[in-house]
Amino acid sequence: MIGLPAGTRVWLAAGTTDMRRGFDGLAATVQATLREDPFSGHVFVFRGRKGDRLKVLWWSGDGMCLLAKRLEHGHFVWPSAESGAVHLSSAQLSMLLEGIDWRRPKRTHKPTQV
């Protein structure tokens, strides 16, 4: 994933999105459904009906970026809400893009006090 500037917020659009939508259609969804500005520099993530595809929309300051990903096995973990948005951290976005359950990540090692 491209390194995001500090202070960039990541929004998941709850529910499903028509994956045929491109830059303009997704930007319109950001404005109408999420009530956010698609040119704010924040990241907006949309998931397809089957759960194996997603699109990421981001204004980089000089142009709109659109990333699409399809998992060959499994599905992207998504909130169960039908409408609205969920805020994620950049680390949670990285987990989401890798197909990891970002809601309950588990540490492989329990830190101890020295």
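Residues numbered from 1 in each chain as written. Predicted model: local features only at pLDDT ≥ 70, side-chain atom pairs only at ≥ 80, totals over all residues. Heavy atoms only, no water.

1. Examining unusual backbone geometry
Now for step 1: Positive phi values are uncommon outside glycine, yet arginine 35 reaches one of about 55°.
Now for step 2: Looking at the element boundaries, arginine 35 is found in the loop between helix H1 (23–32) and strand S2 (43–47). (Helix = DSSP H or I, 4+ residues; strand = E, 2+ residues; numbered from the N terminus.)

2. Some points on H1
Now for step 1: Among the residues of H1, those classed as buried are Leu26, Ala27, Thr29 and Val30. The buried side chains of H1 occupy one side of the element, clustering within an arc of 155° when seen end-on. In H1, those exposed residues whose orientation departs by more than 90 degrees from the buried face are Asp24 and Ala32. (Buried < 20%, exposed > 50% of the residue type's maximum accessible area, 1.4 Å probe, protein only. Arc of directions from axis to C-beta.)

3. Considerations on the sheet that holds strand S1 (residues 10–13)
Now for step 1: Taken together, five strands build an open sheet; the order of strands is S4-S3-S2-S1-S5 and the sheet is mixed. Only two strands of the sheet have a single partner each, and these edge strands are strand S4 (64–70) and strand S5 (85–88). The sheet shows a mean angle of 20° between the axes of neighbouring strands, direction not considered.
Now for step 2: Relative to S5, S1 is paired through four bridges, and the arrangement is antiparallel. Pairing of valine 10 across the sheet is with leucine 88, part of S5.
Now for step 3: Seen against the sheet, H1 touches S2, strand S3 (53–59) and S4 and runs at an angle of roughly 80° to S3.
Now for step 4: Along the sheet face, helix H2 (residues 90–97) touches S1, S2, S3, S4 and S5 and points at about 105° away from the line of S5. (Pairing = 2+ DSSP bridges. Axes fitted to C-alpha atoms, helices over the stretch in contact; angles between N-to-C directions. Contact = heavy atoms within 4.5 Å.)

4. A closer look at H2
Residues spaced three or four apart along an α-helix face the same direction, because each turn holds 3.6 residues.
Now for step 1: Within H2, the full set of buried residues consists of Leu93, Met95, Leu96 and Leu97.
Now for step 2: Of the surrounding elements, those touching the buried residues of H2 are S1, S2, S3, S4 and S5.

5. A closer look at the nonpolar core
Now for step 1: In this structure, Val43, Val45, Leu54, Leu93 and Leu96 are the most contacted members of the largest nonpolar core, which totals 18 residues.
Now for step 2: Mapped by element, the contributors of at least two residues to this core are S1, S2, S3 and H2.
Now for step 3: Here the element with the most residues in this core is H2; it accounts for four residues.
Now for step 4: If you look at the next biggest cluster of nonpolar residues, it comprises eleven residues, including Ala13, Leu26, Phe44 and Met64. (Core = buried A, V, L, I, M, F, W, Y, C linked by side-chain atoms within 4.5 Å.)

6. Re the packing of aromatic side chains
Now for step 1: Taken as a whole and assessed by the stated rule, the structure comprises one aromatic pair.
Now for step 2: Note on phenylalanine 39 and tryptophan 59: the rings are 5.1 Å apart at their centroids and 80° apart in plane angle, and the pair reads as edge-to-face. With phenylalanine 39 in the loop between H1 and S2 and tryptophan 59 in strand S3, the pair connects residues that are 20 residues apart, well separated along the chain.
Now for step 3: Phenylalanine 39 gets classed as partly exposed once you look at its relative accessible area, which sits at 46%. (Phe/Tyr/Trp six-rings, centres within 6.5 Å; stacked < 30°, edge-to-face > 60°.)

7. Some words on the side chain of arginine 47
Now for step 1: Within the fold, arginine 47 resides in strand S2.
Now for step 2: No salt bridge is formed by the buried arginine 47, whose closest oppositely charged neighbour, aspartate 52, lies at an N-O distance of 8.0 Å.
Now for step 3: When near neighbours in sequence (up to four residues on either side) are disregarded, arginine 47 contacts Gly15, Thr16, Thr17, Met19, Arg53, Leu54, His75, Phe76 and Trp78. (Lys, Arg positive; Asp, Glu negative; His and termini not counted. Salt bridge = Lys/Arg side-chain N within 4 Å of Asp/Glu carboxyl O.)

The values reported here are purely geometric and, on their own, carry no functional implication.
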